[in-house]
Amino acid sequence: MTEFQMSLIAAGGVFVVGVITYNKWQEYKARKSVERAFASDHDDVLMRDGEQAPAVDRHEPVFEADLDDKAPLLAKEPVLDAAAFAPADVKPEPQLATPAPAAAPAPAQAAPVAPSAGAPAASYRATGASAAQDAVAASLPGTRPGMPPAELAECLVDPLIDCLIPLSLETPVRGDKILPTLQTLRRVGNKPIHYIGFAVSGEWEPIVHGGVYTKLQAGVQMATRTTALNELEYSELVTRLRAVADEIGAEPEVPDMIEVMAEARILHRFVAGHDAQLGVNLAANGAPWAMPTLIGALENAGFDVRPDGRFAMPDKEGAAGAVLFTLSTNVTLGADTTSRLTLLLDVPCVAPARDGFGRMVDTARGLTQRLDATIVDDFDQPLVDEALDEIKAQVGEFYQEMDAADIPAGSTRALRLFS
């Protein structure tokens, strides 16, 4: 056989396999739909073991022999009820009402008690929902406990940085029933996946135990600091999400891959172009610093020691766990001395109002007096005040660019992209 004939045979085989696979998939979906439609928890009395139906006395018809023989039996002819055939639009003639016997007085019913002005309004949120949503807020950077559910939901599934996939439900579902299934799909590659639900209260909110939702929405982050969402990750997402949807009785509305990939590449170009970190170095003027002495000086300056040996300056006025900038000793954990320190500001992760660069420079100036050091650049050239002011102006322009892109520095949106 020629190569052309072999190609035709191979193409035919692939087509047949595809048709069989498609039919199997449709059969699986139909079977799942039938199982959900006919699933029932009602007790079937015919299938009970060891139980018998209650006995019912059976009365046979009998001939009454003691009837009065003299009493004639009169046959009653059927009578046609003319009122049943009266037209619907014909009003009945007025009749003289016969006085009815007096009815017994109805028992008195308690009047409904109006809620007082200070009483809390009724809510659809289940007990413990607020605590569960606060836990979600604590796990998301840039959020705070007590945020309104709708605002927190927009932080979880953000239309600007996430690919949104609606999940239509056949019937309303409870959060505690679907959460174990949703937890099985939380990430593809290094892209996180979040879910929100449209609650019976009429707002989108994070899916929590006790909540009841009429529709769902999934969101996969389209870019991170390192890569954009690619075709392989998106294909994996669609395959796994369909399986999850079958388990919870939902139908996903998957966006077109080409459009999603184009948006992901655009977003990642922005992230790569604004991935800025500014460093300020301190060089010892004399002998290297002993590590015990250095650690004490840094702790007095307000730094917290991390397990990896890095030091972090906490933002005490910001969210819990927020960091303004970090410091590295540029040596391993087991080193005894160091002669160079590096203060590093992650620019897109610190809001302009926190003035991360200004506070980092102020801290560096304070350490020069404590440790007898000089502020230098990466080439060990001293950084004068004019150079530092010029860098600060560039940082201000950087923040304006991020605001123009609707991704403000230090916001939840920026922290998710640059984490």
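Note that this is a predicted model, so its numbers are computed, not measured.

Caption draft 1: Looking closely at the overall build of the protein. The helix and strand tally for the protein stands at ten helices and 14 strands. For the protein, buried positions account for 33% of its 419 residues. Taking as baseline every contact in the protein between residues at least 6 positions apart, the subset at least 24 positions apart corresponds to 68%. Counting only carbon and sulfur atoms, one obtains 58% of the accessible surface of the protein, whose full area is about 27,400 Å².

Caption draft 2: Layout of the sheet that holds strand β14 (residues 373-376). Pairing in this open sheet of six strands is antiparallel, and the strands run β9-β10-β11-β13-β7-β14 from one edge to the other. At either margin of the open sheet sits one strand with a lone partner, and together these are β9 (304-305) and β14. Across seven bridges, strand β7 (residues 277-284) lies against strand β13 (residues 340-346) in antiparallel orientation. Following the sheet pairing, Asn281 is matched in β13 by Thr342.

Caption draft 3: Looking closely at the packing of aromatic side chains. A full pass over the atoms with the stated rule returns three aromatic pairs. Each ring, one from Phe398 and one from Tyr399, has its centre 6.2 Å from the other, and the planes form 65°; the classification is edge-to-face. The residues Phe398 and Tyr399 share a single accessibility class, namely buried. The aromatic ring of Phe198 is capped on one face by Lys215, whose charged end is 4.9 Å from the ring centroid.

Caption draft 4: Region of the structure containing the pairing of strand β10 (residues 311-314). Neither face of β10 is left uncovered, since the one carrying Phe311 and Met313 and the one carrying Ala312 and Pro314 both have all their residues buried. Both β9 and β10 contribute to a ladder of two bridges, which runs antiparallel. Looking at the pairing, Val305 lines up with Phe311 of β10. For β10 and strand β11 (residues 323-328), the ladder comprises four bridges, and the chain directions are antiparallel. Across the sheet, the residue bridging to Ala312 is Thr326, located in β11.

Caption draft 5: Representation of the packing of helix α8 (residues 356-371) against helix α9 (residues 385-404). In contact at an axis separation of 10 Å, α8 and α9 are set at 155° when each is read in the N-to-C sense. Between α8 and α9, the angle falls in the class roughly antiparallel. Between α8 and α9 the crossing geometry is right-handed. Of α9, the residues touching α8 (which contributes Phe357, Val361 and Arg365) are Asp385, Leu388, Ile391, Lys392 and Val395. Partitioned by chemical class, the residues of the contact of α8 with α9 number five nonpolar, no polar and three charged.

Caption draft 6: Geometry of the packing of helix α5 (residues 231-248) against helix α6 (residues 257-273). Contact geometry of α5 with α6 gives a least axis separation of 11 Å together with a crossing angle of 130°. In terms of axis orientation, α5 runs oblique to α6. Seen along the crossing, α5 lies across α6 with a hand that is right-handed. Contacts between α5 and α6 pair Glu231, Tyr234 and Ser235 from the former with Met257, Val260, Met261 and Arg265 from the latter. Within the contact of α5 with α6, the residues separate by chemical class into four nonpolar, one polar and two charged.

Caption draft 7: Representation of the environment of Leu167. Of note, Leu167 is situated in strand β1 (residues 162-174). On the basis of relative accessibility, which here comes to 2%, the residue Leu167 falls in the buried class. Residues Leu167 and Glu253, spaced 86 residues apart in sequence, show a C-alpha to C-alpha distance of 6.4 Å. Those residues within four positions of Leu167 in sequence are excluded, and the remaining contacts are Lys215, Leu216, Ala218, Leu241, Ala245, Ala250, Glu251 and Pro252.

Caption draft 8: Examining the environment of Ala414 more closely. On the secondary structure map, Ala414 appears in helix α10 (residues 412-418). Remark: the alpha-carbon pair of Ala414 and Val350, spanning 64 residues in sequence, is separated by 9.2 Å. Excluding its chain neighbours within four sequence positions, the residues that come into contact with Ala414 are Pro348, Met402, Ile407, Pro408 and Ala409.

Caption draft 9: Broad picture of the pattern of salt bridges. The full count for this structure, using the stated rule, is twelve salt bridges. Put simply, Asp275 and Arg225 hold a salt bridge, and the shortest N to O gap is 2.7 Å. Of this pair, Asp275 sits in the loop between α6 and β7 while Arg225 sits in the loop between β5 (212-221) and α5; the two residues are 50 residues apart in sequence, bridging distant segments of the chain. Judged by its relative accessible area of 34%, Asp275 falls in the partly exposed class. Through salt bridges that share partners, Asp158, Asp406 and Arg413 make up one connected network.

Caption draft 10: Local environment of a nonpolar patch on the surface. Together, Phe15, Val16, Val19 and Ile20 make up a nonpolar patch on the protein surface, roughly 370 Å² of accessible area in all. Tracing the chain through its elements places Phe15 in helix α1 (residues 3-38). Here Phe15 falls in the exposed class, since its relative accessible area comes to 59%.

Caption draft 11: Inspection of the pairing of strand β3 (residues 191-199) at higher detail. Most of β3 is tucked away, with eight of its nine residues classed as buried. In this sheet, β3 lies alongside strand β2 (residues 187-188) in antiparallel orientation, the contact comprising two bridges. Looking across to β3, one finds that Arg187 is bridged to Pro192. Here β2 folds back onto β3, and the loop between the two strands holds two residues, one of which, Gly189, carries a positive phi near 65°. Sheet analysis places β3 next to strand β4 (residues 204-206), joined by three bridges and oriented antiparallel. The partner of Gly197 across the bridge, within β4, is Glu205. In sequence, β3 turns back onto β4 through a hairpin of four residues, with Gly202 there showing a positive phi of about 95°.

Calculation notes
Residues numbered from 1 in each chain as written. Predicted model: local features only at pLDDT ≥ 70, side-chain atom pairs only at ≥ 80, totals over all residues. Heavy atoms only, no water. Helix = DSSP H or I, 4+ residues; strand = E, 2+ residues; numbered from the N terminus. Buried < 20%, exposed > 50% of the residue type's maximum accessible area, 1.4 Å probe, protein only. Contact = heavy atoms within 4.5 Å. Areas by Shrake-Rupley, 256 points an atom, 1.4 Å probe, with all protein chains shown as cover. Pairing = 2+ DSSP bridges. Phe/Tyr/Trp six-rings, centres within 6.5 Å; stacked < 30°, edge-to-face > 60°. Lys NZ or Arg CZ within 6 Å of the ring centre and 35° of its normal. Axes fitted to C-alpha atoms, helices over the stretch in contact; angles between N-to-C directions. Parallel < 35°, antiparallel > 145°, perpendicular 65-115°, else oblique. Left-handed = near helix turned anticlockwise from the far one by under 90°. Nonpolar A, V, L, I, M, F, W, Y, C, P; charged D, E, K, R; others polar. Salt bridge = Lys/Arg side-chain N within 4 Å of Asp/Glu carboxyl O. Patch = residues over 30% accessible without salt bridge, like charges linked within 9 Å, V, L, I, M, F, W, Y side chains within 5 Å.

That's the geometry; what it means functionally is another story.
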